[in-house]
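# Residue-level structural notes
Here is what each chain is made of, one letter per residue.
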Amino acid sequence: MNLIAPIQPCLWFDSQAEEAARFYTSVFPHSRMGTVTHYGAGGPMPEGTVLTVGFELDGQPWMAFNGYGASPFNLAVSFMLTCQTQEEVDHYWNALAADPSQGQCGWLTDRFGLSWQIVPQLMLDVLPGPDSPGKQRLMAAMMAMKKLDIATLERAFSHP
């Protein structure tokens, strides 16, 4: 099965593409591994080394690539997960965070160095609205958090 889409993320690893794909597919529902390709003779990596791994996360095709001299991931690119419940926030935070005590404002870094934003739907519902004291209180509460707590954010927004 070769998972291809017109636009899809391609993550560059040094040698962990398959390990990362297996990890991510274990975290997200409706996910699966796809085609794994390998370097042939004369390539920049030893013959038989994993070259690419196609995988799907909750229906979205992704690609992982083992390059040579990989560039490390940084905060300039992150993947945002929208969560409906605190249970979802907790699940993704605990599953993905390399160090759950680190992070800021719902952002975390996983064990491969990739950045994720674990965002309650509440934030996406409230932030586009007009500037208000409630929105300002919500933002102040968010800035003080690592993993976001939906009940605390709702209280901050609703109660002066």
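Structure: see above.
This text gives an overview of the structure that appears in the document. All figures in this text were calculated on a predicted structure; none of them were measured in a lab. (Residues numbered from 1 in each chain as written. Predicted model: local features only at pLDDT ≥ 70, side-chain atom pairs only at ≥ 80, totals over all residues. Heavy atoms only, no water.)

## Let's talk about the state of the cysteines
To be explicit about the condition: Two cysteine sulfur atoms make up a disulfide if the distance between them is within 2.5 Å. Type-normalised accessible area, obtained with a 1.4 Å probe on protein chains alone, sets the label of each residue: buried when under 20%, exposed when over 50%, and partly exposed for intermediate values.
Counting across every chain of the model gives zero disulfides. In this structure Cys-83 is not part of a disulfide, and its nearest cysteine sulfur, from Cys-105, lies 16 Å away. With relative accessibility at 0%, the residue Cys-83 sits in the buried group.

## Details of the pattern of salt bridges
Selection criterion: Take a side-chain nitrogen of Lys or Arg and a carboxyl oxygen of Asp or Glu: if they are within 4 Å of each other, that pair is a salt bridge. Strands here are runs of E lasting at least two residues and helices are runs of H or I lasting at least four, both read from the DSSP assignment and numbered beginning at the N terminus.
For the structure shown, the criterion picks out four salt bridges. Put simply, Arg-22 and Glu-18 hold a salt bridge, and the shortest N to O gap is 2.9 Å. Linking Arg-22 with Glu-18, this pair stays in helix H1 (residues 17-27), spanning four residues, or about one helical turn. For Arg-22, a relative accessible area of 46% puts it in the partly exposed group. Look at Glu-18 and you get partly exposed, because its relative accessible area is 25%. Between Asp-90 and Lys-147 there is a salt bridge whose closest N-O contact spans 2.9 Å. In this pair, Asp-90 is assigned in helix H2 (residues 86-96) and Lys-147 in the loop between helix H4 (133-143) and helix H5 (150-158), connecting sequence segments 57 residues apart.

## A word on unusual backbone geometry
Of note in the backbone geometry, His-30 takes a positive phi value of approximately 55° without being a glycine. For His-30, the location among the structural elements is in the loop between H1 and strand E2 (32-38). Although it is not a glycine, Asp-58 adopts a positive phi angle of roughly 50°.

## Points about H5
Stated precisely, the cut-off is as follows: Of all possible arcs, the one meant is that of the directions from the helix axis to the C-beta atoms. Contacts: residue pairs with any heavy atoms within 4.5 Å of one another. Any pair of N or O atoms that falls within 3.5 Å is considered a polar contact. Within protein, one atom must be able to donate a hydrogen and the other to accept it, and sequence-neighbouring residues count only if both atoms are side-chain atoms.
Within the sequence span of H5, burial applies to Ile-150, Leu-153 and Ala-156. Along H5, the residues classed as buried sweep out an arc of 125° about the axis, all on the same side. Of the surrounding elements, those touching the buried residues of H5 are H2, strand E7 (115-120), helix H3 (121-126) and H4. The opening residue of H5, the one whose side-chain oxygen lies 3.4 Å from the backbone nitrogen of Ala-151, is Asp-149.

## Notes on the pairing of strand E1 (residues 10-13)
Filter applied, for reference: Two strands are counted as paired when DSSP detects at least two bridges linking them.
Judged by which residues are buried, E1 turns out to be one-sided: Leu-11 and Phe-13 face inward and are buried, whereas Cys-10 and Trp-12, on the alternate face, are not. In this sheet, strand E4 (residues 60-66) lies alongside E1 in parallel orientation, the contact comprising four bridges. Directly across from Leu-11, in E4, lies its bridge partner Ala-64.

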